[in-house]
Amino acid sequence: MADTRISTYLPPNVNPAQAAIAYGCRALPKLNEELQADDLLTRQKALMALCDLMHDPEHVYTAIRIGCLESLKALLRDTNDLVRIKTTEVLYIMATHNVGRACSRPAGALGIVNSGLIPSLVWKLQREEEEIQALLLDTLAACLMEDATEALASRAVPFLKEKLLSANSNIRSKAAHTLIAISIPLEGKIQVWQHDVIPILVHLLKDKEEEVQANAAGALMNATVTTEGKYAALDVEATGPLLQLLGASLSKARLNAIKALTMLAEAPEGRKLLQSHVATFRVLEEDFSPAVQRAAQVALKVIEWKP
């Protein structure tokens, strides 16, 4: 005769490490309350659930509106490693969301910046493990495209300079990418020059990883807009490795190298050095990338300009 047995297994599609999500519009407010709970397990489960929900742009907007960023800001200082890791992951998802991308839309970008999160992220960059550093750099790069003021005031440039020297190529690449964003405003360009970051960027043009090379060229492109930046790059012979990058397989590397060389060509010394390489830029006018074609045309006008 059959008897009834109660299974020892959890029901299907139930994650014991994740908080139960309330129904409808109550879901995010409840999770926000749990983010502030005294119980460690409750905070961890709420963060796990939030990581899943933040893939939906509507949830990103709602989370910002109800003040989740303030709760996440506080959790960046949590003593528990997992809490800090998952908090950074939530911020990363919010900052790189497609359609609802937090840092390409005012509602998200200004929400993160105006919530005062940038100094905390910069501070954490010095102290966290490399896995978390990578997420922090991605988040910073996205946010600084909107407003780099707080990062510059928090001495982000010296910290990014240190990350350029990391043995981890992923960290080097992301640090250079973040420097592209932070050097968009004039103050960022000045700080990159003042903190002697330019020689390190030139050295990274010869890195074994092409993504690192491309991002280093992009950072140089911005840093060499100023006269001081131009001559700092020329003093460490930046034209040589930049010319080498013109043959890179990565179109981003070619594009950034052309633009950086165009900046250097605005100085008489740089223009003189590049005049013997006009044929190389002529070839790039036929590149398969329209952006590279246009950049090569601009570079030729600058190089061939005569007073």
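On a predicted model such as this, the values are computed, not experimentally measured, just so you know. (Residues numbered from 1 in each chain as written. Predicted model: local features only at pLDDT ≥ 70, side-chain atom pairs only at ≥ 80, totals over all residues. Heavy atoms only, no water.)

Enquirer: Give a detailed account of the overall build of the chain, specifying residues and quantitative values.
Expert: Scanning the chain from terminus to terminus reveals 20 helices and zero strands. The buried share among the 307 residues of the chain stands at 53%. Partitioning the contacts of the chain with sequence separation of at least 6, the portion at a separation of at least 24 is 67%. Surface exposure of the chain reaches about 15,200 Å², of which carbon and sulfur atoms provide 54%. (Helix = DSSP H or I, 4+ residues; strand = E, 2+ residues; numbered from the N terminus. Buried < 20%, exposed > 50% of the residue type's maximum accessible area, 1.4 Å probe, protein only. Contact = heavy atoms within 4.5 Å. Areas by Shrake-Rupley, 256 points an atom, 1.4 Å probe, with all protein chains shown as cover.)

Enquirer: Go over unusual backbone geometry with me, naming the residues and quoting the values.
Expert: The backbone phi angle of D196 is positive, close to 55°, even though this residue is not glycine. One can find D196 in the loop between α12 (186-194) and α13 (198-204).

Enquirer: Outline helix α15 (residues 227-235), listing residues and values.
Expert: Among the residues of α15, those classed as buried are G229, K230, A232, A233 and L234. Where the residues of α15 are buried, they touch α12, α13, α14 (210-223), α16 (239-245), α17 (251-265) and α18 (268-274). One or two residues past the end of α15 sits E237, with phi positive at roughly 55°.

Enquirer: I'd love a proper account of the packing of helix α1 (residues 27-35) against helix α2 (residues 40-53), names of residues and values included.
Expert: Interaxial distance between α1 and α2 falls to 8 Å at its minimum, and their mutual angle equals 140°. Crossing of α1 against α2: the hand is left-handed. Where α1 approaches α2, its residues L28, L31, E34 and L35 are matched on the opposing element by T42, R43, A46, L47, A49, L50 and L53. Of the residues contributing to the contact of α1 with α2, the split by class is eight nonpolar, one polar and two charged. (Axes fitted to C-alpha atoms, helices over the stretch in contact; angles between N-to-C directions. Left-handed = near helix turned anticlockwise from the far one by under 90°. Nonpolar A, V, L, I, M, F, W, Y, C, P; charged D, E, K, R; others polar.)

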